[in-house]
Amino acid sequence: MCGATAGGLSLDGINLEKQAVIQGQVLRGTGDDAEPVGNAYVRLLDSTGEFTAEVPTSATGHFRFFAGPGEWTVRTLAPRAEPTDRKVVAALGSVAEVQVAI
Amino acid sequence: MSRENVLVSTQWVEEHLDDPNVVVIEVDEDTSAYDKGHIRNAIKLDWTTDLQDQVRRDFVNKQAFEQLLSERGVANDHTVILYGGNNNGFAAYAYWYFKLYGHNDVRLMDGGRKKWELDSRELVTEVPTREKTSYVAKDQDPSIRAFRDEVVEAIGVKNLVDVRSPDEYAGRLLAPAHLPQEVAQRAGHIPTSVNVPWSKNANDDGTFKSDEELEKLYAEVGFDEDKDTIALCRIGERSSITWFVLHELLGRKNVKNYDGSWTEYGSLVGVPVVLGDEPGEA
């Protein structure tokens, strides 16, 4: 899976005018040695820190949320790793890409 | 009702993988999750095909439920352990469903599939074969399932707890944020329903919070102990968790799950709907 395209999820079939998409990939390690994490859980927290949704990552470590416009936190849980938080801003008509390194 | 009778740990499940009296069943929102790997000797129930009537919107009837469990090798005297992803959402839905049809000993694996994976416990792809049984279900227990007319009459009268995320409750989102938002019904919530998001019942690792924390959570929103309670979400799955917490963990009486939930209520003609973060008036 090394060398998978960053943010490689297809947006076919998604009407971006009505969606504020947050998506990305969970990787263990950094740089050329980074490996996608296919058994992580990614949680979406709203601007007050309240849980909104959770998805397991795909085999390639990818995840996607259909959020509303605004500030969100992406929290990643994975085996043998501390939880990792990343702030992200979503807007209608765009895709916010998040890379999470654990 | 005590925790031990309705909830088991991942460690307990690992120690009972070969126990002939225990049937472990995975029920996931992502119905393909089992096929990618599951707890050894666990079987799968698909909530979209196994547990729903395929023509009208309702559960499979008593005979179909009996046939399903008989074919899958689940007997009346088995201890059924349910687990799944998303904080056990659909596992709790299946738990409520098994109780609806009167199964005696059914329990959730605390933390569900996520806790099992975060513990780095083994997942396998081999599908076990089980001997068929002759399962006999009871008639549906009407004391734990709410229908739409009862929900409309409960406005301003009973405790209505809407367990969707705050943005869904307020009408800013129509579905949980991991699903596309293109749906037909109106956004918002039922007047007088209070918002206690389902996720507040669980820790980050998916295990349930302590009884003390849960009691505090519901006391804070002003739950009236003397009133009956109806829990709802979008399709009745996340509210199964709240039903489990209130009815099975905290031992509240007269708690129902409204499986029609927002996809039904938000499509009804003429019923009141409130937008925004406040419960609103009856």
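Think of each chain on its own: its residues are numbered from 1, step by step along the sequence as written. Each chain is given a letter, starting from A, and each ligand a number, starting from 1, according to the order in which they appear as written. Totals for whole chains, interfaces and linings use all residues, but because this is a predicted model, local features are given only for residues with pLDDT of at least 70 and pairs of side-chain atoms are given and counted only at 80 or more. Derived side-chain values reflect all non-hydrogen atoms in the structure, with water molecules and hydrogen atoms excluded from consideration.

Caption draft 1: Representation of the overall build of chain A within the structure. When its secondary structure is counted, chain A shows zero helices and eight strands. Secondary structure is summarised from DSSP: a helix means a run of H or I of at least four residues, a strand means a run of E of at least two, and numbering begins at the N terminus for each. In chain A, the succession of α and β elements from N to C terminus is β-β-β-β-β-β-β-β. The C-alpha atoms of chain A give a radius of gyration of 13 Å, which matches the 13 Å a tight globule of 102 residues would have. With the principal axes as the frame, chain A shows a C-alpha extent of 35 × 30 × 20 Å. Note on contacts: a residue pair qualifies if any of its non-hydrogen atoms lie within 4.5 Å across the two residues. Sequence separation of 24 or more characterises 56% of the internal contacts of chain A that already satisfy a separation of 6 or more. Of the roughly 4800 Å² of accessible surface on chain A, 51% is carried by carbon and sulfur atoms. Side chains of chain A carry 8 positive and 12 negative charges; the gap between the two charge centres is 4 Å. With the radius of gyration taken over C-alpha atoms, the globule rule is written as 2.2 Å times the number of residues to the power 0.38. Using a 1.4 Å probe, the Shrake-Rupley method yields the accessible areas, and only the shown protein chains count as cover for residues. Positive charges are assigned to Lys and Arg, negative charges to Asp and Glu, while His and the chain termini are left out of the count. We put the charge of a Lys on NZ, of an Arg on CZ, of an Asp on CG and of a Glu on CD.

Caption draft 2: View of the overall build of chain B. Broken down by element type, chain B carries eleven helices and nine strands. A compact globule built from 282 residues should have a C-alpha radius of gyration of about 19 Å, and chain B, at 18 Å, falls within 12% of that. Along the longest, intermediate and shortest principal axes, the C-alpha atoms of chain B span 55 × 40 × 35 Å. Three exposure classes are used, based on accessible area relative to the maximum for each residue type with a 1.4 Å probe and protein chains only: buried under 20%, partly exposed in between, and exposed over 50%. Counting all 282 residues of chain B, 58% fall into the buried class. At a minimum sequence separation of 6, the contacts of chain B that also span at least 24 residues come to 76%.

Caption draft 3: Examining helix H9 (residues 211-220) of chain B more closely. All names here are of chain B. Listed as buried for H9 are Leu214, Leu217 and Tyr218. For H9, the arc enclosing every buried residue in end-on projection is 85 degrees, short of the 170-degree limit, so these residues lie on one face. In H9, the exposed positions that point more than 90 degrees away from the buried face belong to Glu212, Lys216, Ala219 and Glu220. After H9 finishes, the residue Gly222 shows a positive phi value of roughly 75 degrees. Here the arc refers to the set of directions running from the helix axis out to each C-beta atom.

Caption draft 4: The domain arrangement of chain B, seen in detail. All names here are of chain B. Domain start and stop points were drawn from an automatic or database domain assignment. Split into domains, chain B comes out as domain 1 (3-140) and domain 2 (144-265). Computed over C-alpha atoms only, the centres of domain 1 and domain 2 are separated by 23 Å. Contacts between domain 1 and domain 2 engage 26 residues on the former and 30 residues on the latter. Both faces considered, domain 1 and domain 2 share a buried interface measuring about 2300 Å² in area, 60% of it formed by carbon and sulfur atoms. Here the buried area means the combined drop in accessible surface, using a 1.4 Å probe, for two parts upon being joined, counting both sides. On the domain 1 side of the contact with domain 2, Arg3, Asn87 and Trp96 bury the most area, a combined 29% of that side's loss. Here a polar contact is taken to be a pair of N or O atoms separated by no more than 3.5 Å, where protein atoms must pair a possible hydrogen donor with a possible acceptor and residues adjacent in sequence count only if both atoms sit in side chains. Our count for the contact surface shared by domain 1 and domain 2 stands at eleven residue pairs in polar contact (both at pLDDT 80 or more). Elements with a minimum of two residues in the side of domain 1 that touches domain 2: helix H1 (3-6), helix H5 (85-100) and helix H6 (112-118). Tallying contributions element by element places H5 first for the side of domain 1 that touches domain 2, with eleven residues. Basically, the charged four are Asp, Glu, Lys and Arg, the nonpolar ten are Ala, Val, Leu, Ile, Met, Phe, Trp, Tyr, Cys and Pro, and anything else, Gly included, counts as polar. A per-class count over the side of domain 1 that touches domain 2 returns twelve nonpolar, six polar and eight charged.

Caption draft 5: Quick look at the sheet that holds strand E7 (residues 84-90) of chain A. All names here are of chain A. Strand pairing requires that DSSP identify at least two bridges connecting the strands. The strand order across the open sheet formed by four strands is E4-E3-E6-E7, and the pairing between neighbours is antiparallel. Of all strands in the sheet, those with a lone pairing partner are strand E4 (51-56) and E7, marking the two edges. Averaged over all pairs of adjacent strands, the angle between strand axes in this sheet comes to 25 degrees, irrespective of strand direction. Where strand E6 (residues 70-77) lies against E7, seven bridges are found, and the strand directions are antiparallel. Its bridge partner lying in E7, Trp72 is registered against Val88. Simply put, an axis is a line fit to the C-alpha atoms, just over the touching stretch for a helix, and the angle between two N-to-C directions goes from 0 to 180 degrees.

Caption draft 6: Broad picture of the packing of H5(B) against helix H10 (residues 238-249) of chain B. Residue and element names in this part refer to chain B. Packing of H5 against H10 leaves a shortest axis separation of 7 Å and a crossing angle of 60 degrees. Looking at the two axes, H5 sits oblique to H10. The hand of the H5/H10 crossing is left-handed. Mapping the contact onto sequence places Asn87, Asn88, Gly89, Ala92, Tyr93, Tyr95, Trp96 and Lys99 in H5 and Ser240, Ile241, Trp243, Phe244 and Glu248 in H10. Of the residues in the contact of H5 with H10, the class split is seven nonpolar, four polar and two charged. Angle categories are assigned with fixed cut-offs, so that under 35 degrees is roughly parallel, over 145 is roughly antiparallel, 65 to 115 is roughly perpendicular, and the rest are oblique. The handedness criterion is simple: a crossing whose near helix is rotated anticlockwise from the far helix by less than a right angle is left-handed, and one whose near helix is rotated clockwise is right-handed.

Caption draft 7: Inspection of unusual backbone geometry at higher detail. All names here are of chain B. We note that Asn86 has phi near 50 degrees; this positive angle belongs to a residue other than glycine. The topology assignment puts Asn86 in helix H5. We classify Asn86 as buried; its relative accessible area is 9%. Phi at Asn254 is positive, roughly 55 degrees, even though this residue is not glycine. Considering the arrangement of structural elements, one finds Asn254 in the loop between H10 and strand E9 (255-257).

Caption draft 8: Highlighting the sheet that holds strand E7 (residues 194-195) of chain B. Residues and elements named next belong to chain B. Read from one edge of the open sheet, four strands run E7-E6-E8-E9, paired in parallel fashion. Of all strands in the sheet, those bounded by a partner on one side alone are E7 and E9. Packed on one face of the sheet, H10 meets strand E6 (159-162), strand E8 (229-232) and E9 and runs near 165 degrees to E9.

Caption draft 9: Quick look at the interface of chain B and chain A. Tallying the contact residues gives 23 residues for chain B and 24 residues for chain A. Around 2000 Å² of area is buried between chain B and chain A when both sides are counted, 52% of it from carbon and sulfur atoms. Together, Leu118(B), Ala177(B) and Asp204(B) form the three largest contributors to the area buried by chain B at its contact with chain A, with a combined 25%. For this document, the term salt bridge refers to a Lys or Arg side-chain nitrogen within 4 Å of an Asp or Glu carboxyl oxygen. Taken together, the links from chain B to chain A amount to four salt bridges. Two residues, Glu50(A) and Lys200(B), come together in a salt bridge whose shortest N-O distance is 2.6 Å. Summed over the shared surface of chain B and chain A, the number is seven residue pairs in polar contact (both at pLDDT 80 or more). Counting residues per element, the ones that place at least two in the side of chain B that touches chain A are H5, H6 and helix H8 (166-170) of chain B. Tallied by class, the residues present in the side of chain B that touches chain A amount to eight nonpolar, eight polar and seven charged.

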